[in-house]
Amino acid sequence: MEISDKLAVVTGVSKGIGLETARRLLDNGAKVAGWSRSAPDLRHENFVFFETDVGDPGSVQKSYEQTIDRFDRQVSILINNAGLGYDGLLEDMSIEKWKKMFDVNVHGVFYCSRLVIPGMKEMEEGHIVNIASIAGTTGSERISGYCGTKFALRGISQALFKEVRDYGIKVSVINPGSVKTGFFDAMDSMQVHDQMMRPEWIAESVLQLLQTPANYLPVELEVRPLMPKGKLKKNE
């Protein structure tokens, strides 16, 4: 897709992968609507922030309507990046935290995607990129709820691309390994370290997916740190 002058919506834009993706899109001439609960440190003539709780369908509907009104065009690109996670044994997880993860990580993708697809069908062009996780490819102890949301997101993505591909709409999912963001701040079992990937690297992968040829559909991409524990010495 030619990104210049297209309208993109990026959820979870306040920091990390969402913020870096918004910057890449703006650098390539896109108009960007940023949806998140907190405003990012980003100022650009083609960027507008809309306070949004993606887990609340009313909030998403309001932001969508404001976005269309402000930019006076349909959404060509949707980056479903907003997400959160809590760790702990399943038996100890509070119902409130469990539901919150599914509201944001799964239901939020539904609330956002269902609104932009009709406009994409009219344009016969569009690209939805869902940011999932390695945790959606294999279960891990103490993050059963988070794994469940990302497995669900991958399943939704796999089904949705088949629903919309004949309208010229692409759906791709990225499964990153550990990324050095504030995501792990709420997880006692996860420690941030310098061997993690950087959010700008994931943003670059998003951009590359968006810029693929019209009849080329990248369905799923898995990315990991090359040396998650650092480079081994030759005698090890």
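Check the entry above for the structure.
Residues numbered from 1 in each chain as written. Predicted model: local features only at pLDDT ≥ 70, side-chain atom pairs only at ≥ 80, totals over all residues. Heavy atoms only, no water.

Draft legend 1. Spatial organisation of the packing of helix H3 (residues 95-123) against helix H4 (residues 144-164). Here H3 crosses H4 at 15 degrees, and the two axes come no closer than 8 Å. As the angle between them shows, H3 and H4 are arranged roughly parallel. Crossing geometry of H3 relative to H4 is assigned as right-handed. Touching Trp98, Met101, Phe102, Asn105, Val106, Val109 and Ile117 of H3 are Ser144, Gly145, Tyr146, Gly148, Thr149, Lys150, Ala152, Leu153, Ile156, Leu160 and Val164, all from H4. (Axes fitted to C-alpha atoms, helices over the stretch in contact; angles between N-to-C directions. Helix = DSSP H or I, 4+ residues; strand = E, 2+ residues; numbered from the N terminus. Parallel < 35°, antiparallel > 145°, perpendicular 65-115°, else oblique. Left-handed = near helix turned anticlockwise from the far one by under 90°. Contact = heavy atoms within 4.5 Å.)

Draft legend 2. Structural detail: the nonpolar core. Counting 34 residues, the largest nonpolar core has Trp35, Val60, Tyr64, Val75, Val116 and Ile128 as the members making the most contacts within it. Put simply, the parts of the chain that give this core at least two residues each are strand S1 (7-11), strand S2 (31-36), strand S3 (47-51), helix H2 (57-71), H3, H4 and strand S6 (169-176). Residue contributions to this core peak at eight residues, all from H3. Beyond its immediate sequence surroundings of up to four residues, Val75 is in contact with Leu7, Val9, Tyr64, Ile68, Val116, Met120 and Met123. In terms of nonpolar packing, the next biggest core, distinct from the first, is built from 27 residues, Leu25, Ile77, Ile131 and Leu210 among them. (Core = buried A, V, L, I, M, F, W, Y, C linked by side-chain atoms within 4.5 Å. Buried < 20%, exposed > 50% of the residue type's maximum accessible area, 1.4 Å probe, protein only.)

Draft legend 3. Structural context of the environment of Asp194. One can find Asp194 in the loop between S6 and helix H5 (199-210). Separated by 153 residues in sequence, Asp194 and Asp41 have C-alpha atoms that sit 23 Å apart.

Draft legend 4. Spatial organisation of H2. With 15 residues, H2 should reach 21 Å at 1.5 Å per residue; the first-to-last C-alpha distance of 21 Å fits that figure. Buried residues belonging to H2 abut S1, S2, S3 and H3. If you check the start of H2, you find a side-chain oxygen 3.0 Å away from the backbone N of Gly58, and it comes from Asp56. Of the residues flanking the end of H2, it is Asp72, one or two places downstream, whose phi is positive at about 55 degrees. (Expected span 1.5 Å × (residues − 1). Polar contact = N/O pair within 3.5 Å; in protein donor to acceptor, adjacent residues only side chain to side chain.)

Draft legend 5. Representation of the packing of H2 against H3 in the model. Here H2 crosses H3 at 35 degrees, and the two axes come no closer than 9 Å. The interaxial crossing formed by H2 with H3 has right-handed handedness. Where H2 approaches H3, its residues Pro57, Val60, Gln61 and Tyr64 are matched on the opposing element by Tyr111, Cys112, Arg114, Leu115 and Val116. Considering only residue class, the contact of H2 with H3 consists of seven nonpolar, one polar and one charged. (Nonpolar A, V, L, I, M, F, W, Y, C, P; charged D, E, K, R; others polar.)

Draft legend 6. Main features of the sheet that holds strand S5 (residues 126-131). In spatial order, the strands read S3-S2-S1-S4-S5-S6-S7; together these seven strands make up an open sheet with parallel pairing. With one partner strand each, in any of the chains shown, S3 and strand S7 (220-223) form the two edges of the open sheet. Strand-to-strand twist in this sheet, taken as the mean axis angle between neighbours without regard to direction, amounts to 15 degrees. In this structure, S1 lies alongside strand S4 (residues 77-80), joined through three bridges in parallel fashion. Its bridge partner lying in S4, Val10 is registered against Ile79. Most of the contacts of H4 go to S6, to which it runs at about 160 degrees, and overall it touches S5, S6 and S7. (Pairing = 2+ DSSP bridges.)

Draft legend 7. Structural context of the packing of aromatic side chains. Within the structure shown, the criterion is met by two aromatic pairs. The interplanar angle of 50 degrees and the centroid separation of 5.8 Å between the aromatic rings of Phe110 and Tyr111 together place this pair among those described as tilted. The ring of Tyr167 carries Lys121 above its face, with NZ or CZ at 4.4 Å from the centroid. (Phe/Tyr/Trp six-rings, centres within 6.5 Å; stacked < 30°, edge-to-face > 60°. Lys NZ or Arg CZ within 6 Å of the ring centre and 35° of its normal.)

Draft legend 8. Molecular detail of the pattern of salt bridges. Tallied over the full model, the rule gives eight salt bridges. The salt bridge involving Arg24 is made with Glu20; its shortest N-O contact spans 3.6 Å. With Arg24 and Glu20 both in helix H1 (residues 16-27) and four residues apart, the pair spans about one turn of that helix. Glu220 is the salt-bridge partner of Arg154, the closest N and O atoms lying 2.4 Å from each other. (Salt bridge = Lys/Arg side-chain N within 4 Å of Asp/Glu carboxyl O.)

Draft legend 9. Highlighting the side chain of Asn130. Its place among the elements puts Asn130 in strand S5. Judged by relative accessible area, which is 0%, Asn130 ranks as buried. Of note is the side chain of Asn130, whose polar atom sits 2.8 Å from the side chain of Asn80. In contact with Asn130, not counting residues within four places along its chain, are Asn80, Val109, Leu153, Ser157, Val171, Ser172, Val173 and Ile174.

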